[in-house]
Amino acid sequence: MNKTAVITGSAGGLGKGIAERLANDGFNLIIQDLNEELLLETEKEFKNNGFNVAAFKSDVSVKKEQKELVQFAVTEFGQIDVFVNNAGVDAVSPFLEIDEEQLSKLFNVNVYGTVFGTQAAAEQFKKQNRGGKIINACSIAGHESYEMLGTYSATKHAVRSFTQTAAKELAQDGITVNAYCPGVAKTKMWDRIDEEMVKYNDDMEPGDAFEEFSSAIKLGRYQEPRDVANLVSFLASEGSGYITGQSILTDGGLVYR
């Protein structure tokens, strides 16, 4: 196989796990992140593991830079076949404390980034004239809105909606658009959520929020990057060719929709 996958926000966390899985599936990799230091560390690690990988630092919320990311991938490997809009940020606050800065930051990265990445990938897929796969990072918060995570939940609902719209409009070009919806994972993002929850609840201690959410998972354990990467691997494969417009929960049995 000589296929190329672009994964945004892949210097660490779930994005890194997805990139590693796709590399093991045989994909050439373009990893992207805003954190240049961590991005270069991950690129070095992947190269030491024998992966065909190139790193690109950019801001996913800037449409021009999303186009530049796709062009970089084409220059490096001649084509793109899979584009994963993984980059995302979170915020924790009561609804009444949501402000302009929070709304702007989360919508810029989570929503604008997904829209601009999808547009850039689709334009390239059309030039190549052989279809392609776009895979977006949604969340259980794209199916159910959570207290203290109002803005984050709103952005993920938007991602789910844009996934459906793009899937409908791009199907005629052989382009599928789907999303993966992780649950509770032991990542730096969840560490931040847990830390912020404590600030707003005097009865909570560090770790309580994570324990509360993860204890409800029916399969009895919190999520690991490989759980998400397994789903993305399938969505990136030929076996998912008849699936489009779906936002698939991968949460161990937490949200049922």
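What you see is a predicted model, and the numbers here were worked out from it, not measured in a lab. (Residues numbered from 1 in each chain as written. Predicted model: local features only at pLDDT ≥ 70, side-chain atom pairs only at ≥ 80, totals over all residues. Heavy atoms only, no water.)

### With respect to the side chain of threonine 163
- Structurally, threonine 163 can be placed in helix H5 (residues 150-170).
- A polar atom in the side chain of threonine 163 sits 2.7 Å from the backbone oxygen of valine 159.
- Those residues in contact with threonine 163 that sit more than four places away from it in its chain are Asn136, Val177, Asn178, Ala179, Gly245, Gln246 and Ser247. (Helix = DSSP H or I, 4+ residues; strand = E, 2+ residues; numbered from the N terminus. Polar contact = N/O pair within 3.5 Å; in protein donor to acceptor, adjacent residues only side chain to side chain. Contact = heavy atoms within 4.5 Å.)

### Side note on the nonpolar core
- Counting residues in hydrophobic clusters, the biggest one holds 28 residues, and the most contacted among them are Ile7, Ile18, Leu22, Leu29, Val84, Ile135 and Tyr180.
- Of all the secondary structure elements, the ones that give two or more residues to this core are strand E1 (4-7), helix H1 (13-24), strand E2 (28-33), helix H2 (36-48), strand E3 (53-57), strand E4 (82-85), strand E5 (132-137) and helix H8 (225-235).
- Every residue in contact with leucine 22, bar those within four places of it in the chain, is listed here: Ala5, Ile7, Phe27, Leu29, Val84, Val232, Ser233 and Ala236. (Core = buried A, V, L, I, M, F, W, Y, C linked by side-chain atoms within 4.5 Å. Buried < 20%, exposed > 50% of the residue type's maximum accessible area, 1.4 Å probe, protein only.)

### Overview of the sheet that holds E2
- Taken together, the seven strands give an open sheet; going across it, the order is E3-E2-E1-E4-E5-E6-E7, and neighbouring strands pair in parallel fashion. Since the sheet does not close on itself, it has two edges, and those belong to E3 and strand E7 (247-250), each with one partner. The mean inter-strand angle of the sheet, taken between neighbouring strand axes irrespective of direction, is 20°.
- Bridge count between E1 and E2: four bridges; the pairing is parallel. By the bridge assignment, threonine 4 is partnered in E2 with asparagine 28. (Pairing = 2+ DSSP bridges. Axes fitted to C-alpha atoms, helices over the stretch in contact; angles between N-to-C directions.)

### Some points on the UniProt feature "binding site: NAD(+)" (unreviewed entry) in the protein chain
- UniProt records the feature "binding site: NAD(+)" (unreviewed entry) at Asp33, Asp59, Val60, Asn86, Tyr152, Lys156, Pro182, Gly183, Val184, Ala185, Lys186 and Thr187, using the numbering of this structure. For the annotated residues, spread through 155 residues, the largest C-alpha to C-alpha distance comes to 25.8 Å, inconsistent with a single compact locus.
- Residue asparagine 86 is classed as buried on the basis of its relative accessible area, which comes to 11%.
- Once residues lying within four places of it in the same chain are set aside, the contact partners of asparagine 86 are Ile7, Thr8, Gly9, Gly15, Ile18, Ala137 and Tyr180.
- One polar contact links the side chain of asparagine 86 to the main-chain carbonyl oxygen of glycine 9, over a distance of 3.0 Å. (UniProt positions renumbered as here; feature names shortened; annotations may be inferred.)

### Regarding the pairing of E3
- With four of five residues buried, E3 lies mostly within the body of the structure.
- As judged from the five bridges shared by E2 and E3, these two strands associate in the parallel manner. Paired with glutamine 32 across the two strands is phenylalanine 56, which belongs to E3.
- Tracing the backbone out of E2, into H2 and back to the parallel element E3 gives a crossover that is right-handed. (Right-handed = clockwise from strand over helix to strand, strands pointing away.)

### Some points on the packing of H1 against H8
- At a closest axis distance of 8 Å, the pairing of H1 and H8 adopts a crossing angle of 50°. The pairing of H1 with H8 is recorded here as oblique in orientation. Seen from above, H1 lies across H8 with right-handed handedness. The segment H1 lies against H8, with Leu14, Gly17, Ile18, Arg21 and Leu22 engaging Pro225, Val228, Ala229, Asn230, Val232 and Ser233. (Parallel < 35°, antiparallel > 145°, perpendicular 65-115°, else oblique. Left-handed = near helix turned anticlockwise from the far one by under 90°.)

### Focus: the packing of aromatic side chains
- Counted under the stated rule, the structure contains five aromatic pairs.
- With a centroid separation of 5.3 Å and an interplanar angle of 65°, the aromatic rings of phenylalanine 46 and phenylalanine 51 are classed as edge-to-face.
- On the basis of relative accessibility, which here comes to 0%, the residue phenylalanine 46 falls in the buried class.
- According to the relative accessible area criterion, phenylalanine 51 is buried, its value standing at 13%. (Phe/Tyr/Trp six-rings, centres within 6.5 Å; stacked < 30°, edge-to-face > 60°.)

### Describing the state of the cysteines
- If you walk through the whole model with that rule in mind, you get zero disulfides.
- Cysteine 138 takes part in no disulfide bond, and the closest cysteine sulfur, belonging to cysteine 181, lies 3.8 Å away.
- Using a relative accessible area of 3% as the deciding quantity, one classes cysteine 138 as buried.
- Taking the relative accessible area as the measure of exposure, cysteine 181 reaches 0% and is therefore buried. (Disulfide = S-S within 2.5 Å.)

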